[in-house]
Amino acid sequence: MYLCHDCEHANPVKLGRCPNCWAFGTFIKDPTKVKKSKSTSVREGTWWDQLKLGTTKASTWYDLQHPEMERIFTSWIKWWGLYLLWGEPGIGKSTIMLQILEQLSQNNKIKIAYFSWEEDSSQITDRKNRLDGKPNDDHPLTKGVDAGKAAAGGSQDQAAVEPKSASEAWSPGFDIYQAHHLEDILTTTEANQYDLIVVDSIQTVYTPHHPSVAWSISQIKRCSEKISERCKKNGVACFLIGHVTKWGEIAGPKYLEHIVDVVLYLEWDRYGQYRFLRTKKNRFGPSDEVGIFEMTLFGLLPVYDLKDRIINQANITAPGNVLTVGIDNGRPVIVHLEVLLNKANGKYPQRITSGIEQKRLQIIIAILERYLKINLSAFDIYVNIPWEFEFRDTGLDLAIAAAVYSQSKNVIIDKQLVFLWELGLSGQLLPTKNHKRRKNDIQEFDCIDFERIKYITELPQIL
Ligand code: TYD
Ligand code: MG
């Protein structure tokens, strides 16, 4: 029997492509049929505990104060919490982790271990020097660069980075290991009684006690299960760092998300300048938050002036451009929405969207055609929201309608106006989810309120 080492699909003959997960060249001989040596046998079911409900220990949280991360962690890390941080290679997972660890080790008297396999001590030290804003004359990027000046181009707080002397040796407040054997990680953690460990990355962890190849899904599953079990047993907080595949999927079983307490995703914007740290699941705090960061020459820094940047970059002085407030994972973000109408060449006009749902656009087109009597069937319609925001948010309805209308009539919308409402199929305006939160975010703008417009038919009067 042969097994796909990605999804464990079994087949009597070796296939070039797995019919289950469509991966190429992943079939291997079923390792469970391979004779095992006695020395590799392991005892199963080593830990269980009877839970005593109603009691929580006093010092069960570690202090983490970071302006953008507070949104997600609410300034604490749970003592036995299991955190999963996913992202594409090179996005900045190790960098953000190092920043979190520095904070934790400064604010708390705890023992921390960082297990890395992909990087050695010089790479980690180099990263640390960059985070400290130390000019490194050996590094082509930071050679002779003034950290304060380099960072000042970014968000407000970045100018506060104080360059330190490169000769100052770094003594981290935590231990760093280059290890990838599961057993080494577990025994080191227990022997040194660490309070918090980081495994960077879970895909590189390997145990010979499980009959599957390194990097296979069953290895990841097995190793994370074991780490989780030991951490929960010993009251150790743990961060597992993982890569996503180039298709944006987690390179590991989905079930990993079930066994951990918090799932965090680090994602890029389309141009690679910004990073969004999103919570997908959070047993200890909000699961709908997003932290916005920017990768600079001197680390991943929080972005506080996102609103100003979006507005400054937006070309709101052309027809088809409006401002609105979308909800990204629970956080209100002001966004610039742009629409282009172009004469349709084919039999069926195109409806192309980036950042919003195509179906929602089709509904809004139908509402506009019906109630404002404009014929849009002769046009291809393109809607775009710059930056990496993806909204499944009906709160953008009126903004989309206004932008389409302004393109079709060639009118420019005042850049002080912000459109927030949802549209009903009878053309009435409906308040959106989180309406108050959205409004609070845009107090300096002129928010279209219910006194001014109740039906889509009144749209031309307010533009
Ligand atoms: P890294 O944290 O190693 O990514 P991951 O762990 O997700 O693979 O980040 C690597 C990228 O970030 C790399 O392209 C270099 C860049 N970087 C900076 O631009 N500035 C910095 O201060 C640091 C530390 C990294
Ligand atoms: Mg890394």
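Residues numbered from 1 in each chain as written. Chains lettered and ligands numbered in written order. Predicted model: local features only at pLDDT ≥ 70, side-chain atom pairs only at ≥ 80, totals over all residues.

(A) Seen up close, the overall build of the protein. For the protein, the helix and strand inventory stands at 12 helices and 22 strands. By sequence separation, contacts in the protein at least 24 residues apart represent 68% of the contacts at least 6 residues apart. (Helix = DSSP H or I, 4+ residues; strand = E, 2+ residues; numbered from the N terminus. Contact = placed C-beta atoms within 7 Å.)

(B) How the structure looks around the pairing of strand E15 (residues 321–328). In terms of residue burial, E15 counts as a mostly covered element, since eight of its eight residues are buried. One ladder, built from eight bridges, connects E15 with strand E16 (residues 331–343); its direction is antiparallel. Residue pairing for E16: Ile327 is matched across the bridge by Pro332. Hairpin remark: E15 followed by E16, antiparallel, with two residues in the connecting loop; positive phi at Asn329, about 50°. Examined bridge by bridge, E15 and strand E19 (residues 417–419) share two bridges and lie parallel to one another. From the neighbouring strand, Thr324 faces E19, where its bridge partner is Phe419. (Buried ≥ 20, exposed ≤ 12 C-beta atoms within 10 Å, placed from the backbone. Pairing = 2+ DSSP bridges.)

(C) Layout of unusual backbone geometry. Cis geometry marks the peptide bond from Asp200 to Ser201; its omega dihedral reads 0°. With respect to the helices and strands, the residue Ser201 is situated in the loop between strand E9 (196–200) and helix H6 (217–234). A positive phi angle, near 50°, is found at Gln193, a position not held by glycine. Here Gln193 falls in the exposed class, since 9 other C-beta atoms lie within 10 Å of it. In this model, Asn410 sits at a positive phi of 60°, which is unusual for a non-glycine residue.

(D) How the structure looks around the sheet that holds strand E18 (residues 379–384). On the basis of which strands lie adjacent, the open sheet formed by six strands has the order E17-E18-E16-E15-E19-E22 and mixed pairing. Of all the strands in the sheet, just strand E17 (351–354) and strand E22 (446–447) have a single pairing partner and so form its edges.

(E) Summary view of the environment of His180. Residue position: His180 is located in the loop between strand E8 (175–178) and helix H5 (182–192). Judged by C-beta crowding, with 20 C-beta atoms within 10 Å, His180 ranks as buried. Here the alpha-carbon distance between His180 and Gln203, two residues 23 residues apart in the chain, equals 9.3 Å. Setting aside chain neighbours within four positions, we find His180 in contact with Trp117, Thr204, Val205 and Tyr206.

(F) A look at the nonpolar core. In this structure, Leu84, Val199, Cys238 and Leu264 are the most contacted members of the largest nonpolar core, which totals 56 residues. Top element by residues in this core is helix H2 (residues 93–107). It accounts for six residues. Counting residues in each nonpolar core, the second largest holds 40 residues, with Val322, Ile356, Ile385 and Ala402 among its members. (Core = buried A, V, L, I, M, F, W, Y, C linked by C-beta atoms within 7 Å.)

(G) Region of the structure containing the environment of Ser121. Looking at where Ser121 falls in the secondary structure, it is placed in helix H3 (residues 121–131). Overall, Ser121 belongs to the exposed group, with 11 C-beta atoms counted inside 10 Å. A sequence separation of 57 residues divides Ser121 from Gln178, and the C-alpha atoms of the two residues are 8.1 Å apart.

(H) Broad picture of the site of ligand 1. Not every one of the 15 residues close to ligand 1 is listed here, only the nearest: Lys93, Ser94, Thr95, Arg130 and Gly299. Listed by contribution, the elements that provide at least two residues to the shell around ligand 1 are H2 and H3. (Near = placed C-beta within 6 Å.)

(I) Structural context of the sheet that holds strand E12 (residues 274–282). Strand order across the open sheet formed by nine strands is E8-E7-E9-E10-E6-E11-E12-E13-E14, with mixed pairing between neighbours. The sheet is open, and its two edges are formed by E8 and strand E14 (299–302), each paired on a single side. Within the sheet, the average angular offset between the axes of one strand and its neighbour, ignoring direction, is 20°. (Axes fitted to C-alpha atoms, helices over the stretch in contact; angles between N-to-C directions.)

(J) Structural context of the confidence of the model for the protein. Counting all residues, the mean pLDDT for the protein is 79, and 79% of those residues have values of 70 or more. The low-confidence segment residues 36–47, where pLDDT is below 50, has six contacts with residues more than four positions distant or belonging to other chains. Counting interchain partners and residues more than four positions distant, the pLDDT-below-50 stretch residues 147–167 has 50 contacts. (pLDDT = per-residue confidence, 0-100.)

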